[in-house]
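# Examining the three-dimensional arrangement
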Amino acid sequence: MEIMQQLLGRLHPLIVHLPIGFLILVLLLQWYDRKANEWHKVIAIVYFWAGITAVLACITGYLQYQGEGYSYDSVKWHLWLGIITAVFCFAMYLKISPKKTVSFLVKAPISILSVIAFVLISFTGHQGGNITHGEAYLIEPLPNSVKSLLGFEIIEEKELALTEENWEDALVYEEVIQPILNSKCVSCHNPKKDKGALLLHSKEGILKGGESGAVLASHSKESELYARMVLPMEDDDHMPPEGKKQPSKEEIKLISAWMDAGHPFEGTVKEIGLKKDLFISFFPSTSYKSHPELEVPEASQDSIKSIEKYGIYLDPISESTHFLSVSCINKPNFKDDDFDKLRPVREQIAQLDLGGTQVTDAIFEKLTQFPNLSTLKLDNTGLTGNGIDALKNLEYLHTINLSGSLFDQPVDIFSSFKSLEKVYLFKTKVDKKGPKSLKDGQLILDYGGYELPPIPSDSIIY
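A few points on the structure. (Residues numbered from 1 in each chain as written. Predicted model: local features only at pLDDT ≥ 70, side-chain atom pairs only at ≥ 80, totals over all residues. Heavy atoms only, no water.)

## Here we look at the overall build of the protein chain
Check the secondary structure of the protein chain and you find 15 helices and ten strands. Here the protein chain holds 462 residues, and 41% of them are scored as buried. Across the protein chain, every contact between residues at least 6 apart in sequence was considered, and the portion connecting residues at least 24 apart equals 57%. For the protein chain, the exposed area adds up to about 26,200 Å²; of that, 56% sits on carbon and sulfur atoms. (Helix = DSSP H or I, 4+ residues; strand = E, 2+ residues; numbered from the N terminus. Buried < 20%, exposed > 50% of the residue type's maximum accessible area, 1.4 Å probe, protein only. Contact = heavy atoms within 4.5 Å. Areas by Shrake-Rupley, 256 points an atom, 1.4 Å probe, with all protein chains shown as cover.)

## Concerning the pairing of strand β5 (residues 349-353)
Counting buried positions over the five residues of β5 gives four, a clear majority of the element. As judged from the four bridges shared by strand β4 (residues 324-327) and β5, these two strands associate in the parallel manner. When the bridges of β5 are listed, L324 appears paired with I349. Summarising the sheet, β5 and strand β6 (residues 375-377) pair through three bridges and their orientation is parallel. When the bridges of β6 are listed, Q351 appears paired with T375. (Pairing = 2+ DSSP bridges.)

## Quick word on helix α14 (residues 301-309)
Of the residues making up α14, those classed as buried are S303, I304 and I307. Down the axis, α14 shows its buried residues gathered within 100° of arc, on one side only. Exposed residues pointing more than 90 degrees away from the buried face of α14 are listed as D302, K305 and K309. Buried residues belonging to α14 abut β3 (313-316). Where α14 begins, one side-chain oxygen reaches toward the backbone nitrogen of D302, 3.2 Å away; that side chain belongs to S300. Of the residues trailing α14, G311 is marked for its positive phi of about 110°. (Arc of directions from axis to C-beta. Polar contact = N/O pair within 3.5 Å; in protein donor to acceptor, adjacent residues only side chain to side chain.)

## Some points on the pairing of β4
Sheet analysis places β3 next to β4, joined by four bridges and oriented antiparallel. What sits directly across from L314, in β4, is V326.

## Quick notes on the sheet that holds β3
On the basis of which strands lie adjacent, the open sheet formed by eight strands has the order β3-β4-β5-β6-β7-β8-β10-β9 and mixed pairing. Every interior strand has two partners, whereas the edge strands, β3 and β9 (437-438), have only one.

## Here we look at the packing of aromatic side chains
Counted by the stated rule, this structure contains twelve aromatic pairs. Seen from their ring centres, W167 and F279 are 5.5 Å apart, and the 35° between their planes marks the pair as tilted. Linking W167 in the loop between α8 (144-149) and α9 (172-184) with F279 in the loop between α13 (269-272) and α14, this pair joins segments that are 112 residues apart in sequence. Residue placement shows K331 over the ring face of Y310; its charged tip is 3.8 Å from the ring centre. It is K341 that lies over the ring of Y310; its NZ or CZ is 4.4 Å from the centre. (Phe/Tyr/Trp six-rings, centres within 6.5 Å; stacked < 30°, edge-to-face > 60°. Lys NZ or Arg CZ within 6 Å of the ring centre and 35° of its normal.)

## Structural notes on the packing of α9 against helix α12 (residues 249-260)
It is at 11 Å that the axes of α9 and α12 come closest, and there the two elements cross at 130°. In terms of orientation, α9 and α12 fall into the oblique class. Along this stretch, α9 crosses α12, giving a crossing that reads as left-handed. Residue-level inspection shows V172, Y173, V176, I177, I180, L181 and K184 of α9 in contact with α12, the latter providing E251, L254, I255 and W258. In terms of residue class, the contact of α9 with α12 is built from nine nonpolar, no polar and two charged. (Axes fitted to C-alpha atoms, helices over the stretch in contact; angles between N-to-C directions. Parallel < 35°, antiparallel > 145°, perpendicular 65-115°, else oblique. Left-handed = near helix turned anticlockwise from the far one by under 90°. Nonpolar A, V, L, I, M, F, W, Y, C, P; charged D, E, K, R; others polar.)

Honestly, it's all geometry; don't read function into it.
Next comes the structure, spelled out in structure tokens:
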């Protein structure tokens, strides 16, 4: 019985659009027939079906209210306006039909009653929208200044912004956790829309919890707030719901670490003891990711055509620069000796993809001839990394991908690279339990092989 109640209740969002459609149709028919007055029977029948479907919407809506845990205060206006709308539709049917059995409506002008019908469906729909999306749904895209002018309470949303210099001094709740909750959770859990009777805009609301009880526990894996965030997106209990702005994996890690530290609301990051690795991704980057901020001459079209004829792909990085992205994806037999073919455009190459080719460790010395190289992909090659330190003086090299290669050198070798920020080492011969960063967190070593933390729903057998 409970399953049937939930199933029928969840049909409400579908069925509720039927009376809305019928009422819009009948109002349009009345306007079109306002002079001829020839369509009374059709208009009466449409009102009748608007009433029938409104009753079905009321029943399924009530079942959804009972089964989904909504509070009465949050649904009462929508519920009673829905009932009034259904009754009004039947009354209009009886007034317009030839029998005219509703005497108290006989003398009421059709135009006035039509306006009432429009107001009813508008306010009923508006209240339903408030339940689903929150009262501020329509004005959400507006600037805060406009929202404030309209009388709406402003809950400030700001990006988590930390620097290498100030991350330890940041207040752990006010400057780290609260900005994440405000931007990802508070739109549904605030004083005007307390979905699940849960408020996440303040310390008091978070500690109080919601209809299901406390949302914080002594450990993140036992916390309802964290568990909802890591559920699969398609799960009905995943929060934030699909369509809402989702927290990044780095933000979820911060939430988890905060909970594991006892979810303190006072103190700085340093006082709480959170590790620097949690914050590095939020530091502003000062390097040039796709290409150096330099002006270089345009590469010769003859040189480009000659290289492309050989099977190597060249593409401009953007219309605002002459830097090139070069890929050997269509040239898996590319070898060390073929490298000289790229020399005519060595100054313009910022991104170079040699993944899956036949290059050897001798290539490192040749790569030093490319002064503006920024991104280097050497994945799925036979490189062991012997001689890779020859690249340490490349001023703009910030990313190296060695995934799937035979790289077996000590990772400390990368500490001497000038501008290197990230090295991908997935499925190489280095120990993936090695250091995750070098140079005091400025250089990230990514060993891949990520696994999502287990959640209770993983144990369900379907």
